[in-house]
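Given next are the chains, with one letter for each unit.
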Amino acid sequence: MTSSKEYGSNSWELIVTVDHQYEEEQKEFTLRVAGDLHIGGVMLKLVEQINLSRDWSDYALWWEQKNCWLLKTHWMLDKCGVQADAKLLFTTQHKMLRLCLPNMKTVRLKVSFSSVVFKAVSDICKTLNIRRSEELSLLKQSEDTLKKKKKKDKNNKEPVIEDILNLYNSPVISGSPASPGLFSKTMTPIYDPVNGTPVPSTMTWFSDSPLTAPNCSILAFSHPNCSPETLAEMYQPRTLADRAKLNAGWLDSSRSLMEQSVQEDDQLLLRFKYYTFFDLNPKYDAVRINQLYEQARWAILLEEIDCTEEEMLIFAALQYHLSKLSLSSEAQDFTHESEVDEVEAALSNLEVTLEGGKMDNILEDITDIPKLADNLRLFRPKKLTLKAFKQYWFVFKDTSVSYFKNKEAGHGEPIEKLNLKGCEVVPDVNVAGRKFGIKLLIPVADGMNEVYLRCDNENQYACWMAACVLAAKGRTMADSSYQPEVHKILSFLKMKNRTTSPQAVSDPESMDMKPERFVSPRYAKKYKSKQLAARILEAHQNVAQMPLVEAKLRFIQAWQSLPEFGLTYYIVRFKGSKKDDLLGISYNRLIRIDAATGDPITTWRFSSMKQWNVNWEIRQVAIEFDQNVSIAFTCLSADCKIVHEYIGGYIFLSTRSKDQNETLDEDLFHKLTGGRE
């Protein structure tokens, strides 16, 4: 019997369910509590009543009805709003989760279900040796992908045994107090605590990572491509609307996994979400570079991004080259550069700065903005006209390009001056056909003006294309990134340039290379196997001498140079419009795209954005730009919070600098992406 004194006005019964880690059944416990008892006191009472000696440090209270954790242990029940009708679950904060990585390998590891996703991803990346965790996030598989998987499993009579890498039981050899960690403050490798030999700098980056050498190898090396049959069974988006559906499953970075209905042992995808890859360094980023390469490779094979036949052959040649290298002993060498202590590198940089090593160039850049002047051909598409190019004298200065009737008229008034700031620049190239074109989509009040430029050769194209790319971002040719951009374009064109060799075509390797593994199913159907093998081997000659890491970086660069690279699509309805459009979000701009034709309608740059906010009641995103331009839209293919987070995330990533080292302003990220619901 309970005495009448216990039934005071401020005391009541609270039912708490205890989730025992190794027992199937959950047990309920009834506690008598008062409103002024704090959460920590509730947990203490509960543990005393359970009367089991075990480590309860990872346990916390989960409030089912409110879908939230009660982690502020000093808060009283009254302040939290907990009353007698509350259903509380006493459960572990860290639970097992299956993650499908960009290389399609599944890892199983313990993840915090109570931390916000941004923090949980940071911890996951620490475990997997991936730097710059802010570029990645967790994604739920789309319904279309799951339907295709279920159909495949139904047709498969044999049970499918999933190949899972279990990282939970991996020994944490470097985080113990006995070990000072594998790396010094300068990120220079010290030794392997197991056998005392120097550790390869790429093998372990974080001192508390449980990755052993075999596990690191699985994540840092690419593995043989899957069979054409397996590839054909995987879900491939057919339209831009299909691609938009793939992006609906991104988790909210400001909420925990438990708050987003993720259960223990669920499978999520770990992917690079933001396409700005900061400070890629072969010396430390073996896993990061390989996973980036794999995400790019699958995007090409599953046609999540469009590319020409010529580009597809380059990607196939690089994949073939990497598959050969991965099987050879050369694959064990992560990097061909010597190990250089970072302190030495920093000192040499400081020495150059103090001596004024590049001061002349800097002064020259400030005072003299370079310009380009040459004969190019121009075409402006009009209805019912043939594509006829006409030659003019072009002058490129600052971020504008002007054209004149001829060179002699170049000192007078131009026929037209095109301001390229904020425009879309699309390559229109066929190296085999000696076609070097640049398609410019220039924003005007009622949409986009299309202009085509045609160059005579590779060098001319590289210079003008690089100038256009920089001008679109609001930069001139005086910018330090101009020359590297020119070299990048030239190296990509060189890879496209096919040098036919009879030895390559008749190479016996072409007989068993299975070329269909290296191209998307659509391209595999266009050619017979021998023809496709010959074309891949032909393209392979341009990359045959590349070392492993360089080949992966070239693949990533080629992926980055595709016109649609970095665009994430969502189906939206703009305010005042009667039809649905697509919104493309990139690292520096938003693009309104016609859902029927896929043509860009308008582009807005983040650099001209004044503010953006969300009306959470009607789920509408509103953005204000310079020159009194404002837009508003509702998101139809995903929650508007996902779009809001994408915009804020890219703005947050643009604030990074090498001076920050590895530390991030997490509060700023949540301020820019969290919103106020």
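Shown above is the structure to which this text applies.
Numbers given to residues run from 1 along each chain, matching the order in which its sequence is written. Local features in this predicted model are restricted to residues whose pLDDT is 70 or higher, and side-chain atom pairs enter the listing and the counts only when it is 80 or higher, whereas totals over whole chains, interfaces and linings include all residues. Hydrogens and waters are ignored; side-chain quantities use all the structure's heavy atoms.

Q: Help me out: how do you make sense of the overall build of the protein chain in this one?
A: The numbering of helices and of strands both runs from the N terminus, where a helix is a DSSP run of H or I of at least 4 residues and a strand a run of E of at least 2. Looking only at helices and strands, the protein chain has 20 helices and 24 strands in total. Here the protein chain, with 677 residues, has 49% of them falling under the buried criterion. Sequence separation of at least 24 residues holds for 63% of the intrachain contacts in the protein chain that already meet a minimum separation of 6. Per element, the accessible surface of the protein chain, about 34,500 Å² overall, is 50% carbon and sulfur. To sort residues, take the accessible area from a 1.4 Å probe on protein chains only and compare it with the maximum for the residue type: under 20% means buried, over 50% means exposed, and anything in between is partly exposed. By the convention used here, residues are in contact when the closest approach between their heavy atoms is within 4.5 Å. Only the protein chains shown count as covering a residue, and every accessible area follows the Shrake-Rupley method with a 1.4 Å probe.

Q: I would appreciate a short explanation of empty space enclosed by the protein in the present structure.
A: Empty space among the atoms can be located by rolling a probe the size of a water molecule over them. Using a 1 Å grid laid over the protein atoms alone, points where a 1.4 Å probe fits but cannot get out form a cavity; open sets with protein on both sides within 12 Å along at least 5 of 7 lines form a pocket; any residue with an atom within 4 Å of a point counts as lining. Grid points are joined across faces, edges and corners, and a volume is the space filled by probe spheres set on the points. Inspection of the entire model under this criterion finds six cavities of 30 Å³ or more. The wall of the largest cavity is formed by Val 117, Phe 118, Val 121, Ser 133, Glu 134, Leu 136, Ser 137, Ser 253, Lys 273, Tyr 274, Glu 645 and Phe 669. Elements represented by at least two residues in the lining of the largest cavity include exactly α3 (117–128) and β8 (136–139). Broken down by element, the lining of the largest cavity gets its largest block of residues, three residues, from α3. When its residues are assigned to classes, the lining of the largest cavity shows six nonpolar, three polar and three charged. Lys, Arg, Asp and Glu make up the charged group, whereas Ala, Val, Leu, Ile, Met, Phe, Trp, Tyr, Cys and Pro make up the nonpolar group; the residues left over, Gly among them, are polar.

Q: Just to check I follow, could you spell out the packing of aromatic side chains for this structure?
A: Within a pair of aromatic rings, the relevant descriptors are the distance that separates the centres and the angle that separates the planes. Stacked, tilted and edge-to-face are the three classes applied to pairs of Phe, Tyr and Trp rings, where Trp contributes its six-membered ring and a pair requires centres within 6.5 Å; stacked means planes under 30 degrees apart, edge-to-face means over 60, and tilted covers the rest. Inspection of the entire model under this criterion finds 30 aromatic pairs. For the pair Tyr 293 and Phe 555, a centre-to-centre distance of 5.0 Å together with 80° between the ring planes defines the contact as edge-to-face. Note that Tyr 293 is positioned in helix α8 (residues 286–301) and Phe 555 in helix α18 (residues 548–560), a separation of 262 residues in sequence. Across this residue pair, the class does not change: Tyr 293 and Phe 555 are buried.

Q: Even after reading the chapter, I still don't get the pairing of strand β23 (residues 620–625), so can you show me in this structure?
A: Sheet faces and side chains relate simply in a regular strand, where the side chains alternate between the two faces. As paired elements, strand β22 (residues 609–615) and β23 share six bridges and run antiparallel to each other. Across the sheet, Asn 615 pairs through a bridge with Gln 620, a residue of β23. Think of it this way: DSSP has to see at least two bridges between two strands before they count as a pair. Taking the residues that link successive antiparallel strands as the turn, the β22-β23 hairpin has four residues, and the phi of Arg 619 there is positive, at about 55°. The pairing of β23 with strand β24 (residues 629–635) spans six bridges and is antiparallel. Across the sheet, the residue bridging to Ile 623 is Ile 631, located in β24. Counted between consecutive antiparallel strands, the loop separating β23 from β24 contains three residues, among which Gln 627 sits at a positive phi close to 60°.

Q: When you look at the sheet that holds strand β3 (residues 59–63) in this model, what are you seeing that I'm missing?
A: Across a sheet, paired strands are connected by hydrogen bonds in the backbone, their directions being either parallel or antiparallel. Reading across the sheet, the five strands line up as β2-β1-β5-β3-β4 and stay open at both edges, with mixed pairing between neighbours. The open sheet has two edge strands, β2 (27–34) and β4 (68–70), and neither has a second partner. With direction set aside, neighbouring strand axes in the sheet form an average angle of 35°. By the bridge criterion, five bridges tie β3 to strand β5 (residues 88–92) in an arrangement that is antiparallel. Bridged to Ala 60 within β5 is Thr 91. Only the stretch in contact is used when a helix axis is fitted, and all axes are lines through C-alpha atoms; the angle between N-to-C directions ranges over 0 to 180 degrees. Helix α1 (residues 39–50) rests against β1 (11–18), β2, β3, β4 and β5 of the sheet, and its axis sits at about 135° to β2.

Q: Help me understand the sheet that holds strand β7 (residues 106–112), please; the structure alone is not making it clear to me.
A: A sheet is described by the order of its strands in space; here five strands give the open sequence β8-β10-β6-β7-β9, paired in mixed fashion. Because the sheet does not close on itself, it has two edges, and the strands there are β8 and β9 (164–166). This sheet shows a mean twist of 40° between the axes of neighbouring strands, independent of strand direction. Packing against the sheet, α3 makes contact with β6 (94–100), β7, β8 and β10 (267–272), and its axis sits at approximately 110° to β8.

Q: Would you mind going over unusual backbone geometry with me for this structure?
A: What is expected of a backbone is that most residues other than glycine have negative phi and most peptide bonds are trans. Positive phi is not limited to glycine here, since Asp 265 has a value of about 70°. Along the chain, Asp 265 turns up in the loop between α7 (240–246) and β10. A positive phi angle, close to 60°, is found at Asn 628, a residue other than glycine. By secondary structure assignment, the location of Asn 628 is in the loop between β23 and β24. Note on Asn 628: relative accessible area 76%, which makes it exposed.

Q: Can you help me understand the pattern of salt bridges in this one?
A: If the charged atoms of two oppositely charged side chains come close together, the side chains can form a pair. For salt bridges, the criterion is a side-chain nitrogen of Lys or Arg within 4 Å of an Asp or Glu carboxyl oxygen. Enumeration according to the criterion identifies 31 salt bridges in this entry. Across the pair Asp 123 and Lys 119 runs a salt bridge, and its minimum N-O distance is 3.0 Å. Separated by four residues within a single helix, Asp 123 and Lys 119 lie in helix α3, roughly one turn from each other. Look at Lys 119 and you get partly exposed, because its relative accessible area is 34%. In this structure, Arg 573 engages Asp 580 in a salt bridge whose closest nitrogen and oxygen atoms are separated by 2.7 Å. By relative accessible area, which is 32% here, Arg 573 ends up partly exposed. Three or more residues joined by partner-sharing salt bridges are found here, namely Arg 131, Arg 132, Glu 134, Glu 135, Asp 279, Asp 285, Arg 288 and Arg 656.

Q: Any chance you could explain the nonpolar core here in plain terms?
A: Considering soluble globular proteins, one finds that nonpolar side chains tend to be buried as a cluster. Note on terminology: a nonpolar core comprises buried Ala, Val, Leu, Ile, Met, Phe, Trp, Tyr and Cys residues joined through side-chain atoms within 4.5 Å. One finds Leu 138, Leu 257, Trp 559, Tyr 570 and Ile 623 to be the most contacted residues of the largest nonpolar core, which totals 112 residues. Ranked by the residues each element gives to this core, the list is headed by helix α9 (residues 309–327), at 10 residues. Domain boundaries shown here were taken from an automatic or database domain assignment. Composition of this core by domain shows at least three residues from each of domain 1 (11–92) and domain 3 (568–673). Not counting residues up to four positions away in its chain, the partners in contact with Leu 138 are Leu 99, Val 117, Val 121, Ile 124, Gly 249, Trp 250, Leu 251, Leu 257, Leu 268, Leu 269 and Leu 270. Counting residues in each nonpolar core, the second largest holds 37 residues, with Leu 418, Cys 423, Cys 468 and Leu 493 among its members.

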